2 protein chains.
Amino acid sequence: MRSDAQALKGHLDVLLLATLEDGPRHGYAVKEALREGSGGRFDLPTGTVYPALHRLADAGLIAGTWSVTDGRRRRSYRLTAAGKRKLAGERANWREFAAAVTTLLEGVPWPATS
Amino acid sequence: MRSDAQALKGHLDVLLLATLEDGPRHGYAVKEALREGSGGRFDLPTGTVYPALHRLADAGLIAGTWSVTDGRRRRSYRLTAAGKRKLAGERANWREFAAAVTTLLEGVPWPATS
DNA sequence: AGCAACATGTAGCTATCCTACCTATCCAGC
DNA sequence: GCTGGATAGGTAGGATAGCTACATGTTGCT
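Residues numbered from 1 in each chain as written. Chains lettered and ligands numbered in written order. Predicted model: local features only at pLDDT ≥ 70, side-chain atom pairs only at ≥ 80, totals over all residues. Heavy atoms only, no water.

**Student:** Outline the environment of A:Ile62, listing residues and values.
**Tutor:** Residues and elements named next belong to chain A. By secondary structure assignment, the location of Ile 62 is in strand β2 (residues 62–69). Residues Ile 62 and Leu 17, 45 residues apart in the sequence, show an inter-C-alpha distance of 7.9 Å. When residues no more than four places from it in sequence are discounted, the contact partners of Ile 62 are Leu 17, Leu 20, Leu 53, Leu 56, Ala 57, Tyr 77, Arg 78, Leu 79 and Thr 80. (Helix = DSSP H or I, 4+ residues; strand = E, 2+ residues; numbered from the N terminus. Contact = heavy atoms within 4.5 Å.)

**Student:** So what's going on with the protein's contact with DNA strand C? Which residues, and what values?
**Tutor:** The local shell around DNA strand C holds 28 residues, among which A:Thr48, B:Tyr28, B:Thr46, B:Arg74 and B:Arg75 are the closest. In DNA strand C, the atoms that sit within 4 Å of the protein are 69% sugar and phosphate, with bases accounting for the remainder. In the model, a phosphate oxygen of DNA strand C is placed 3.1 Å from a nitrogen or oxygen of the B:Tyr50 side chain. Taking B:Arg72, its side chain carries an N or O atom lying 3.4 Å from a base oxygen of DNA strand C. Counting only elements with at least two residues in the surface near DNA strand C, the list comes to α3 (46–58) of chain A together with α2 (27–37), α3 (46–58) and β3 (72–79) of chain B. (Near = heavy atom within 4 Å. Polar contact = N/O pair within 3.5 Å; in protein donor to acceptor, adjacent residues only side chain to side chain.)

**Student:** Explain the interface of chain B and chain A residue by residue, including any values.
**Tutor:** On the chain A side, the residues contacting the 34 residues of chain B number 35 residues. Across the chain B/chain A interface, buried area totals approximately 3000 Å², and carbon plus sulfur atoms make up 66% of it. It is B:Trp94, B:Leu104 and B:Leu105 that lose the most area in chain B upon contact with chain A, and together they represent 24% of the buried surface on that side. Counting across the chain B and chain A interface gives 4 salt bridges. Here B:Glu96 ties to A:Arg41 by a salt bridge, and the two come within 3.3 Å at their closest N and O atoms. Counting across the chain B and chain A interface gives 10 residue pairs in polar contact (both at pLDDT 80 or more). Counting residues per element, the ones that place at least two in the side of chain B that touches chain A are α1 (12–19), α2 and α4 (81–106) of chain B. Here the side of chain B that touches chain A gets 16 residues from one element, more than from any other, and that element is α4(B). (Buried area = accessible area lost by both parts, 1.4 Å probe. Salt bridge = Lys/Arg side-chain N within 4 Å of Asp/Glu carboxyl O.)

**Student:** Let's hear about α2(B): which residues, and what values?
**Tutor:** Those residues of α2(B) that sit buried are B:Gly27, B:Ala29, B:Val30, B:Lys31, B:Glu32, B:Ala33 and B:Leu34. Lining the buried residues of α2(B) we find α4 (81–106) of chain A together with α1, β1 (25–26), α3 and β3 of chain B. B:Gly39, located one to two residues past α2(B), shows a positive phi value of around 65°. (Buried < 20%, exposed > 50% of the residue type's maximum accessible area, 1.4 Å probe, protein only.)

**Student:** How would you summarise the protein's contact with DNA strand D if you had to cite specific residues and measurements?
**Tutor:** Around DNA strand D lies a shell of 26 residues, among which A:Tyr28, A:Arg74, A:Arg75, B:Thr48 and B:Arg55 are the nearest. In DNA strand D, atoms within 4 Å of the protein come 67% from sugar and phosphate. A:Thr46 places a side-chain nitrogen or oxygen 2.8 Å from a base oxygen of DNA strand D. The side chain of B:Lys9 places a nitrogen or oxygen atom 3.2 Å from a base nitrogen of DNA strand D. Of all the secondary-structure elements, those providing two or more residues to the surface near DNA strand D are α2 (27–37), α3 and β3 (72–79) of chain A together with α3 of chain B. The leading source of residues in the surface near DNA strand D is α3(A), at 5 residues. Of the residues belonging to the surface near DNA strand D, the class tally is 8 nonpolar, 9 polar and 9 charged. (Nonpolar A, V, L, I, M, F, W, Y, C, P; charged D, E, K, R; others polar.)

**Student:** Outline the environment of A:Val49, supporting the account with residue identities and numerical values.
**Tutor:** Residue and element names in this part refer to chain A. Structurally, Val 49 is set in helix α3. Looking at Val 49, the relative accessible area reads 1%, which means it is buried. Put simply, Val 49 and Asp 13 are 36 residues apart on the chain and 9.7 Å apart in space, counted from C-alpha to C-alpha. With residues near it in sequence (within four places) discarded, Val 49 still touches Gly 27, Lys 31 and Leu 44.

**Student:** Account for α3(B), with residues named and values stated.
**Tutor:** Since the α-helix turns once every 3.6 residues, residues separated by three or four places project in the same direction. All names here are of chain B. In a regular helix each residue adds 1.5 Å, so 13 residues correspond to 18 Å; α3 covers 18 Å between its end C-alpha atoms and thus fits that length. Where α3 is buried, its residues contact α1, α2, β2 (62–69) and β3. Trailing α3 by a residue or two, Gly 60 shows a phi angle of about 80°, which is positive. (Expected span 1.5 Å × (residues − 1).)

**Student:** Talk me through unusual backbone geometry; I want residue IDs and the actual numbers.
**Tutor:** The backbone of A:Asp70 sits at a positive phi, close to 55°, despite the residue not being glycine. Examined against the element boundaries, A:Asp70 turns out to sit in the loop between β2 and β3.

**Student:** Can you tell me about the pairing of β2(A), naming the residues and giving the values?
**Tutor:** Residues and elements named next belong to chain A. Relative to β3, β2 runs antiparallel, the two being bridged by 8 bridges. Paired with Gly 64 across the bridge in β3 is Tyr 77. Linkage of β2 to β3, two consecutive antiparallel strands, is achieved through a turn of 2 residues, within which Asp 70 is found at a positive phi near 55°. (Pairing = 2+ DSSP bridges.)

Below, the structure is given as structure tokens:
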């Protein structure tokens, strides 16, 4: 198994929320946005994406509405107000987390974000 | 539960290996190095640190030797050759992972490492 | 004597990501 | 007309690994 197979643990939610920031997307489109936006690195199986979206919906962070386009049923998700707050918090959290890890690994402070 | 309780999943090993890069340390010292080097963010419970060190030792990435100092028994770990190679690979892997996540979150490419 | 810091460890829980599988539509190629 | 791939949604079960809670013992301060 790839050593980083579980590397997303704890960081998937913020990525999913971020893909919905610039407008609603359905599940498959979220999966594609993640794959393309990461240069193919995050090519997640549907068994990861759909349950995670359900989890976020249950938590009230995203809201889904069914629709039918070209005979294909889709569930479009959009960020809720709580989801937007969560995204902002998790984004800040990622920056701090990444800064801490990078400092420990490189022995130098993180490149300033300013 | 803290939202980032599982955030280390998949990234702990590289941090542990990195703390041993500048010389041998015993388990408790590794734990302290992680806590201090991260500004208190990674204050890991012993139930995380010791099993992880055992895992790395079983994998041949670090080697431990017992000693006694001031009546306290200590197990000092040092990086093996395989551990050094692993650290280099995982360090590169972290940079790529962090770059991919940051790109997705910030909408801009990662600061060049070159 | 009591308590914090030092030092090491294990058993069991839990979160969550992955594997493997299923259904169904649309369209291009044969 | 049929097959296969891309699109679109989903679930069940397994595996990994960090966390909680607990156990043991020493040193040193009050």
